[in-house]
Amino acid sequence: MQLLKDYILKNGRVVTDGLLKVDGFLNHQIDIGLFQNIGREFYNHFKNDNITKILTIEASGIGIACITAQYFDVPVLFAKKNSVKTQGENVYTADIASFTHGKNYSIRVSKDYLSPSDRILIIDDFLANGEAIQGLVNIAKQAGATVAGAAVVIEKGFQGGGDKLRAEGLNLLSLAIIESMDTSGKITFR
Ligand code: G4P
């Protein structure tokens, strides 16, 4: 998506090798006009897939998912990273190893909001090693739901997570795939 690539080149900054700072428009301050364009792109790609629900993960996925959901007219369900007393044991869980944060964590989704009749679109802001997406696929499968596909805003292609998910058969849409980047400011797209 050319508009997104222009945003990344103009406003993104490579802080260390492998880490891109985009908090001026994507995951801290949010550019709603850009998000509307992102939501429309996601919708155009998956509009014939009979999506019944969007599944994402807190925190940064939620805003993108909500704007996208307006095009599909479906609910958004987000996986929680911390246990919530009101959820009790009535949850699907998946373990995620985060390369970026160097730690493992669990995500939870209430069993009340996923069913075998659901056709799920997974949405997230970044795809690096693919662990978060894999965890969400895992949770959807536990519920017997169908994963129609996954849509991410920025894929860091050099980390390989996206290619692995595609090889496993996931219908994955990434609006910008970064092939390489370095602290001199050079960013190359696939
Ligand atoms: P993976 O799921 O693809 O394996 O990725 P990884 O665990 O390595 O990334 C975990 C978190 O780091 C995610 O946010 C993701 O959005 C963020 N992240 C990964 N690479 C980058 C990057 O280059 N730049 C920025 N700004 N963020 C990156 P999170 O922990 O889920 O936090 P939240 O922001 O959603 O709360």
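Anything mentioned here points back to the structure above.
Definitions and limits used
Residues numbered from 1 in each chain as written. Predicted model: local features only at pLDDT ≥ 70, side-chain atom pairs only at ≥ 80, totals over all residues. Heavy atoms only, no water. Near = heavy atom within 4 Å. Polar contact = N/O pair within 3.5 Å; in protein donor to acceptor, adjacent residues only side chain to side chain. Areas by Shrake-Rupley, 256 points an atom, 1.4 Å probe, with all protein chains shown as cover. Helix = DSSP H or I, 4+ residues; strand = E, 2+ residues; numbered from the N terminus. Core = buried A, V, L, I, M, F, W, Y, C linked by side-chain atoms within 4.5 Å. Buried < 20%, exposed > 50% of the residue type's maximum accessible area, 1.4 Å probe, protein only. Contact = heavy atoms within 4.5 Å.

A. Geometry of the site of the ligand. Taken together, 21 residues sit near the ligand, with Leu20, Ser60, Lys81, Thr100 and Gly130 positioned nearest. Between the ligand and the protein, one listed contact pairs a nitrogen atom with a backbone N or O atom of Leu20 at 2.6 Å. A distance of 2.8 Å separates an oxygen atom of the ligand from a polar atom in the side chain of His101. Expressed as a share of its isolated accessible area of 720 Å², the protein-covered part of the ligand is 86%. Of all the secondary-structure elements, those providing two or more residues to the shell around the ligand are strand E2 (19–21), strand E7 (119–127) and helix H4 (131–142). For the shell around the ligand, the leading source of residues is E7, giving three residues.

B. Region of the structure containing the nonpolar core. Residues Leu4, Ile8, Leu20, Leu26, Ile38, Phe42 and Ile154 are the most contacted members of the largest nonpolar core, which totals 36 residues. Of all elements in the fold, only helix H1 (2–11), helix H2 (32–46), helix H3 (60–72), E7, strand E8 (146–156), strand E9 (172–181) and strand E10 (187–189) reach the threshold of two or more residues within this core. If sequence neighbours within four positions are ignored, Leu20 has contacts with Ile8, Gly12, Arg13, Val14, Phe126, Ile154, Ile178, Met181 and Ile187. Formed by 27 residues, the second largest nonpolar core is a distinct cluster that contains Leu77, Ile96, Leu114 and Ala140.

C. Examining H3 more closely. Of all the positions in H3, only Gly61, Ile64, Ala65, Ile67, Thr68, Ala69 and Phe72 are classed as buried. Where H3 is buried, its residues meet H2, strand E3 (53–57), strand E4 (76–79), E7 and E8. Residue Asp73 follows H3 closely and has a positive phi angle near 60°.

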